[in-house]
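Geometric and topological summary
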Amino acid sequence: MTLTVYDKSDILPNRKIKAIMKKKYPSKISYGLLSFIFFVFYAPIIPSFLRAEINSEIIGFIAFESFVFALIVFLFLKTEYVIDKTQLVIKCGFFSYKSIDIEKTKEISKTKSIQSSPAPSFDRIEIKYGKFDEMIISPQNKFSFVKDLVKINPSIKNNLSE
């Protein structure tokens, strides 16, 4: 009995074989931004406490604000970026964004944009992909993250410097 071993290039001679990779990157969190949001939420209540004007209406308002603030903290803590084969999946709590095809990614740059995005930090990067699309994110280890993207698509223009 003979055992024949085939090389992958024999089976799929005209296709590139890419490493199958699934890697999660947690988002970097700006606690200064979270503190600012906390201040914006609770500063209007301080005068009521100082004047001892606590009533059921204010308690209801505080309960509602606390629920919304807890939701924001949850979204901050549960934002992650997953490289799954050739797709970049962006999750923000229980929300998911449309996946980005890494092979259509053109450029990655540092940005100071304060545009709303799944990036709970001011240390952000901008990913340009497709024809005119862009996404702003803030992975905790952005250099390792970008290295993994470039491994999948070497034609990505990497404008980040360590």
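The structure contained in this document is the topic of the report that follows. Just so it is clear, the model here is predicted, and its values are computed rather than measured.

Here we come to the overall build of the chain. The helix and strand tally for the chain stands at five helices and nine strands. In sequence order, the chain lays out its α and β elements as α-β-α-α-α-β-β-β-β-β-β-β-α-β. A total of 162 residues make up the chain; the buried ones form 36% of that total. Taking as baseline every contact in the chain between residues at least 6 positions apart, the subset at least 24 positions apart corresponds to 52%. Split by element, the accessible area of the chain, about 11100 Å² in all, is 60% carbon and sulfur.

Within the largest apolar cluster, 21 residues are counted, with the highest numbers of intra-cluster contacts made by Leu88 and Phe145. Of all the elements in the fold, those that place two or more residues in this core are strand 2 (79–84), strand 3 (87–92), strand 7 (124–129), strand 8 (133–137) and helix 5 (142–152). The leading source of residues in this core is helix 5, at four residues. In this view, Leu88 contacts Tyr81, Val82, Ile83, Ser99, Ile100, Ile102, Ile127 and Phe145; residues no more than four positions away in its chain are not counted.

Turning our attention to the layout of surface pockets. Roughly 260 Å³ of volume is contained in the largest pocket. Taken together, 16 residues form the lining of the largest pocket, with Phe76, Ser117, Ala119, Pro120 and Arg124 sitting closest to its centre.

This paragraph deals with a nonpolar patch on the surface. Together, Leu71, Phe74, Phe94 and Phe95 line one region of the surface with nonpolar side chains, adding up to about 390 Å² of accessible area. With respect to the helices and strands, the residue Phe94 is situated in the loop between strand 3 and strand 4 (95–96). On the basis of relative accessible area, Phe94 is assigned to the exposed category, the value being 57%.

Moving on: the environment of Tyr81. Looking at the element boundaries, Tyr81 is found in strand 2. Sequence separation between Tyr81 and Gln140 is 59 residues; the distance between their C-alpha atoms is 9.8 Å. Within polar-contact distance, the side chain of Tyr81 engages the backbone nitrogen of Ser138 at 3.1 Å.

This next bit is on a positive patch on the surface. Taken together, the side chains of Lys22, Lys24, Lys85 and Lys91 define a basic patch exposed on the protein surface. Mapped onto the fold, Lys22 is located in strand 1 (residues 22–26).

On to the side chain of Thr79. Inspection of the secondary structure puts Thr79 in strand 2. Judged by its relative accessible area of 3%, Thr79 is buried. There is a polar contact of 2.5 Å between the side chain of Thr79 and the backbone oxygen of Leu75. Not counting residues up to four positions away in its chain, the partners in contact with Thr79 are Pro26, Ser27, Lys91, Cys92, Gly93, Pro118 and Pro120.

This part takes up the pairing of strand 6 (residues 105–111). Both faces of the sheet carry side chains from a regular strand, because those side chains alternate between them. Here strand 6 pairs with strand 7 via six bridges, running antiparallel. Pairing of Glu107 across the sheet is with Lys128, part of strand 7. One ladder, built from two bridges, connects strand 6 with strand 9 (residues 157–158); its direction is parallel. Bridge pairing links Glu107 to Lys157 in strand 9.

Cut-offs and rules
Residues numbered from 1 in each chain as written. Predicted model: local features only at pLDDT ≥ 70, side-chain atom pairs only at ≥ 80, totals over all residues. Heavy atoms only, no water. Helix = DSSP H or I, 4+ residues; strand = E, 2+ residues; numbered from the N terminus. Buried < 20%, exposed > 50% of the residue type's maximum accessible area, 1.4 Å probe, protein only. Contact = heavy atoms within 4.5 Å. Areas by Shrake-Rupley, 256 points an atom, 1.4 Å probe, with all protein chains shown as cover. Core = buried A, V, L, I, M, F, W, Y, C linked by side-chain atoms within 4.5 Å. 1 Å grid on protein atoms, 1.4 Å probe; cavity = no way out; pocket = protein on both sides within 12 Å on 5 of 7 lines; lining within 4 Å. Points joined across faces, edges and corners; volume = space filled by probe spheres on them. Patch = residues over 30% accessible without salt bridge, like charges linked within 9 Å, V, L, I, M, F, W, Y side chains within 5 Å. Salt bridge = Lys/Arg side-chain N within 4 Å of Asp/Glu carboxyl O. Polar contact = N/O pair within 3.5 Å; in protein donor to acceptor, adjacent residues only side chain to side chain. Lys, Arg positive; Asp, Glu negative; His and termini not counted. Charge placed at Lys NZ, Arg CZ, Asp CG, Glu CD. Pairing = 2+ DSSP bridges.

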